[in-house]
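Residue-level structure breakdown
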Amino acid sequence: MTTKLFGEPVQRREDPRLLTGRGRYLDDLGRTALAAAFVRSPHAHARVRDIDVSAALDVDGLVAIYTWEDLPERVRDPLPLLIPHPALTHGRTAYPLAREVVRHVGEPVAMVVARDRYLAEDAAALVRVDYEILEPVVGIEEAARGAHLVHQDVPGNVGAHLVQEVPSAAGLGARDAIAAAPHSLEFRLDIERSASMPLEGRGVYARWDADDRSLRVYTSTQTSTSVRMAVAAKLGLPLPSVEVIAPDVGGGFGVKIVHPWPEEVLVPWAAMLLGREVKWAEDRREHFVSSAHERGQVHRVRAGFDGEGRLLGLDVTILHDHGAYTPYGIIVPIITSTQLLGPYRVGAYRVEFSSIYTNTVQVTPYRGAGRPQAAFCMERTMDKIAAHLGLDRAAVREANFIQPSEFPYDQGLIFQDGRPLIYDSGDYPASMRMLKEMIGWDGFAAEKARAAAGGRRIGIGLACYVEGTGVGPYEGGHVQVTSDGRVHVSTGLTSQGQGHETVFAQIAATELGVPLDAVSVVTGDTRRFGYAVGTFASRAAVMSGNAIALACRKVREKALRVAAEALEADPRDLTIEDGEVRVAGSPGVSIPLATVAVLSNPLRYAFDEEAARATQFSGAASPDRPPIEEGEEPGLEGRDYYSPIRSTFASGMHAAIVETDPDTAEIRILRYAVVHDCGRLINPMIVEGQIHGGVAQGVGGALYERMAYDGHGQLLNASFMDFLMPYATEVPRIETAHLETPSPLNPLGIKGAGEAGVIPVSAVIAAAVEDAEGIAIDRMPISPSDLHDLRVRDRP
């Protein structure tokens, strides 16, 4: 590698375009297309007795109205269950348009297509649906009682039930280990339902070419290749006849990895049927009531431990609210149940979860995907053990850490990728030392006493986590050097603002020894790369980053081989620096990579001076060998895939100091510190940006964001007027430090970083508020009203 860009804090290349209004989002496209709007259920649980569209037919500009009965086979079938699991015994997915029963407010009942969106909305408002109201099932524990059913063929509303258990070294099960432990505790912890709120909602725009029977779909998605396969299957089209493109995507945070959404099937189908371009762009209320939520879980914990706080046995029972349907399977509770162990060596562990149907919006992964619940559960357990024994909270954690010498460390569980949960690398004691120094842990007691003397309440908290990143099965990369010396990189996964254009270019530039400006990157376009999985689970850098590096190495090898022949040198003596192949030790003997690209493609016709060097009379090729050797291909390009044996595990630790107002119970974060380990850093500035964004989202989850359902299944805060999110004024300055323990599992030694910042924030804030107030904090988020109520409850 001759151009060191890997590891440098390179400025994000995509920002000037995005920050100056030159981004190209879904709703910027198809301005003359017909517009779709949806009639959605106002009831959480109801039977559809009749749909009367007669009044809507008089709207000038109306093109079509469709109900479930109008849909053809395959289009009308239930949407796919994307990730089946043996424990998901009663998986259920929605119909694209409701058939007979609606199971949450916002479920689509009819699609209206009109000349523009205004007319489509007008017509949709005139569609009359006759509902028979059914008893709604709202709340995890209400659903678990099973008095009323969300799906009549799902007993007790239980979609899935899974138990995993790892015995102690002595062969004791967790419950026996807890019974035999010198100390034990039992308690309950709750995390409320929330949701990702990308600035841009979902959206689809489809164009059908009837002459060559091809379909082009633009969609605001985290997985264009999978949408392509789903649309082709649903519409009965050959895969090569379908192109799916993710334009600029204004945030995803997990909700856009779900596919196909009803609209991603219905809008292309309508475009084909009508022979016209059709577009739908989600509005904010639709996003609240008809996309997906996450987080809502109840955890019952039993822990057994010794006098130094070492966990001898841990038994956790989880109730997970997956809403009305399970299109994404049970990934979220699987992640909670396995990632709950964090950086700790637990003597014996038993975890059991039940995944429950409710008449609320479906639950699918949201940034962190079950890990914030896991960290809250384990870190609150550590704090309670410390309080019970009168020990320092950091010391209890240190007593339980997996040590650096113990890697790879097998936790004995099966992770979300179906592979063993084996940690690949890390140094948790070092992370804790760094964090304590950054936040001033050891000197905080004196600071707290000084504050108390002045009438102020301050508290400190910390929390740890381990995050499985870079899950498989694979990603790919294609790299082409063209005769102008430019390097064109494409990969199939999509971008939602993470900085892929920058970090993938850094990898390619470093591997090929070319200037960063010579590299261009395309993501999420099936015309450029047809095989991919998607952007989620902190996997893009690990998966596509390594695939691009491997593809670059193929290109580099060929470039050196072609250059060696032209320079009459040994390929082992060649290097590539600043876009030139040079002979080591022979200054001035070199050939531009652009020329190598020309020579790698033997030509018959010369269309410029460079091309003339590769034609048959140029003398560049040996007359004794074919222009293209057996096993070779023309051009200087390469394609490769990275498919890991299992996930790589990033880790981190956060600490915060908060102040609570004695009168108003307002909670203010005074300081926030992060130590993060995602292996080798491709771009420290982008990693810090990811951490900062994650912490901001975590602050929202800890102090503000909740989905307020009433007993009828109505979401009471389905707008930005009512759903609280932190402004910049509520997000503290975030102090960040990096620890790098390279992963041995991939060529670049990297781990993922996209979700880490959000994971432990609720646990940290809960611990800090508890320290300030001396009141147990067992439920998050916590508002000033919540804290006030706890003070009243705790008052002697």
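Model, not experiment: these values are computed from the prediction. (Residues numbered from 1 in each chain as written. Predicted model: local features only at pLDDT ≥ 70, side-chain atom pairs only at ≥ 80, totals over all residues. Heavy atoms only, no water.)

Thoughts on the domain arrangement of the protein
In terms of domains, the protein is made up of domain 1 (18-134 + 202-281), domain 2 (367-471 + 645-794) and domain 3 (473-642). Counting residues at the interface gives 17 residues for domain 1, matched by 18 residues for domain 3. Taken over both partners, the interface formed by domain 1 and domain 3 buries close to 1200 Å², and the fraction arising from carbon and sulfur atoms is 49%. Area buried by domain 1 at its contact with domain 3 is led by Gln222, Thr225 and Ile245, which between them contribute 38% of it. Counting every contact that joins domain 1 to domain 3 gives zero salt bridges. Applying the counting rule to domain 1 against domain 3 returns eight residue pairs in polar contact (both at pLDDT 80 or more). Residue assignment for the side of domain 1 that touches domain 3 shows that the elements contributing at least two residues are helix 5 (224-235) and strand 11 (242-245). Of the residues that constitute the side of domain 1 that touches domain 3, the class distribution is six nonpolar, eight polar and three charged. (Domains from an automatic or database assignment. Contact = heavy atoms within 4.5 Å. Buried area = accessible area lost by both parts, 1.4 Å probe. Salt bridge = Lys/Arg side-chain N within 4 Å of Asp/Glu carboxyl O. Polar contact = N/O pair within 3.5 Å; in protein donor to acceptor, adjacent residues only side chain to side chain. Helix = DSSP H or I, 4+ residues; strand = E, 2+ residues; numbered from the N terminus. Nonpolar A, V, L, I, M, F, W, Y, C, P; charged D, E, K, R; others polar.)

Description of the packing of aromatic side chains
Going through the model one piece at a time under the given rule, you end up with 13 aromatic pairs. Judged by centre distance (6.1 Å) and plane angle (80 degrees), the ring pair of Trp68 and Tyr95 falls under edge-to-face. With Trp68 in the loop between strand 3 (62-66) and strand 4 (101-102) and Tyr95 in the loop between strand 3 and strand 4, this residue pair connects regions lying 27 residues apart in the sequence. On the accessibility criterion, Trp68 (14% relative accessible area) is buried. By relative accessible area, which is 22% here, Tyr95 ends up partly exposed. Pairing Phe415 with Phe649 gives two aromatic rings, centres 5.5 Å apart and planes at 50 degrees, and the pair type is tilted. Taken together, the positions of Phe415 in the loop between strand 16 (409-414) and strand 17 (420-423) and Phe649 in strand 26 (residues 648-660) put the pair 234 residues apart, joining distant regions of the chain. In this pair, the class of Phe415 matches that of Phe649, namely buried. Ring-pair connections join several aromatic residues into one group, and the members of that group are Tyr344, Phe401, Phe407 and Tyr428. Sitting over the ring of Trp261, Arg202 keeps its end group 4.2 Å from the ring centre. (Phe/Tyr/Trp six-rings, centres within 6.5 Å; stacked < 30°, edge-to-face > 60°. Buried < 20%, exposed > 50% of the residue type's maximum accessible area, 1.4 Å probe, protein only. Lys NZ or Arg CZ within 6 Å of the ring centre and 35° of its normal.)

Re the side chain of Asn400
Mapped onto the secondary structure, Asn400 falls in helix 10 (residues 393-400). Asn400 has contacts with Gly309, Arg310, Leu311, Pro343, Tyr344, Arg345 and Met382, leaving out every residue within four places of it along the chain.

Describing unusual backbone geometry
Cis geometry is adopted by the peptide bond preceding Pro260, which originates at His259 and carries an omega value of -15 degrees. Considering the arrangement of structural elements, one finds Pro260 in the loop between strand 11 and helix 6 (262-274). A cis geometry characterises the amide bond from Gly472 onward to Pro473, with omega recorded as 5 degrees. By secondary structure assignment, the location of Pro473 is in the loop between strand 18 (457-469) and strand 19 (475-481). Even without a glycine there, the phi angle at Ser538 is positive, about 50 degrees. Structurally, Ser538 is set in the loop between strand 21 (519-523) and helix 14 (540-567). On the basis of relative accessibility, which here comes to 10%, the residue Ser538 falls in the buried class.

Focus: the packing of helix 5 against helix 6
Where helix 5 contacts helix 6, the two axes come as close as 10 Å, and the packing angle between them is 55 degrees. Between helix 5 and helix 6, the angle is such that the two are oblique. Viewed along their axes, helix 5 and helix 6 form a crossing whose handedness is right-handed. The residues of helix 6 that touch helix 5, namely those facing Val227, Val231, Lys234 and Leu235, are Glu264, Val265, Pro268, Trp269 and Met272. Tallied by class, residues from the contact of helix 5 with helix 6 come to seven nonpolar, no polar and two charged. (Axes fitted to C-alpha atoms, helices over the stretch in contact; angles between N-to-C directions. Parallel < 35°, antiparallel > 145°, perpendicular 65-115°, else oblique. Left-handed = near helix turned anticlockwise from the far one by under 90°.)

A short note on the sheet that holds strand 14 (residues 311-321)
The strand order across the open sheet formed by six strands is 7-15-14-13-8-29, and the pairing between neighbours is mixed. For this open sheet the edge positions go to strand 7 (158-166) and strand 29 (779-780), each flanked by a neighbour on one side alone. In terms of strand pairing, strand 8 (residues 183-191) meets strand 29 through two bridges, oriented parallel. Its bridge partner lying in strand 29, Ile191 is registered against Met780. Sitting on the sheet, helix 9 (residues 371-389) is in contact with strand 8, strand 13 (297-305), strand 14 and strand 29, with an inclination near 145 degrees to strand 8. (Pairing = 2+ DSSP bridges.)

A word on the nonpolar core
Ranked by internal contacts, the top residues of the largest apolar core, which has 104 residues, are Leu314, Tyr423, Tyr672 and Ile765. Ignoring any residue separated from it by four or fewer positions in sequence, one finds Ile765 in contact with Ala656, Val658, Ile669, Tyr672, Ala702, Leu703 and Met780. With 48 residues, the next largest nonpolar core counts Phe6, Leu516, Ile686 and Leu748 among its residues. (Core = buried A, V, L, I, M, F, W, Y, C linked by side-chain atoms within 4.5 Å.)

Some words on the sheet that holds strand 26
Across the sheet, which stays open at both edges, the four strands sit in the order 18-26-27-28 with mixed pairing between neighbours. Of all strands in the sheet, those bounded by a partner on one side alone are strand 18 and strand 28 (734-738). Averaged over neighbouring strand pairs, the angle between their axes works out to 15 degrees when direction is ignored. Where strand 27 (residues 667-677) and strand 28 come together, five bridges link them in parallel fashion. Bridge assignment links His676 to a residue of strand 28, and that residue is His738.

Some details on the pairing of strand 17
Put simply, side chains in a regular strand alternate between the two faces of the sheet. Bridge count for strand 16 against strand 17 is three bridges, and the pairing is antiparallel. Residue pairing across strands places Ile414 opposite Pro420, the latter belonging to strand 17. From the end of strand 16 to the start of strand 17, which pair antiparallel, there are five residues, and Gly418 there has a positive phi angle of about 75 degrees.

Points about empty space enclosed by the protein
In this approach, a probe sized like a water molecule rolls over the atoms, and the result shows the empty space that is left. This model, assessed by the stated rule, comprises four cavities of 30 Å³ or more. Computed from the structure, the largest cavity encloses a volume of approximately 210 Å³. As for the largest cavity, its lining consists of 20 residues, and the residues nearest its centre are Leu79, Ala94, Trp261, Pro262 and Gln362. Classifying every residue of the lining of the largest cavity by side-chain character gives twelve nonpolar, seven polar and one charged. Estimated volume of the second largest cavity: approximately 150 Å³. Forming the boundary of the second largest cavity are 14 residues, of which Ile191, Arg295, Pro372, Gly701 and Ser762 lie nearest the centre. When grouped by side-chain class, the residues that make up the lining of the second largest cavity number six nonpolar, five polar and three charged. (1 Å grid on protein atoms, 1.4 Å probe; cavity = no way out; pocket = protein on both sides within 12 Å on 5 of 7 lines; lining within 4 Å. Points joined across faces, edges and corners; volume = space filled by probe spheres on them.)

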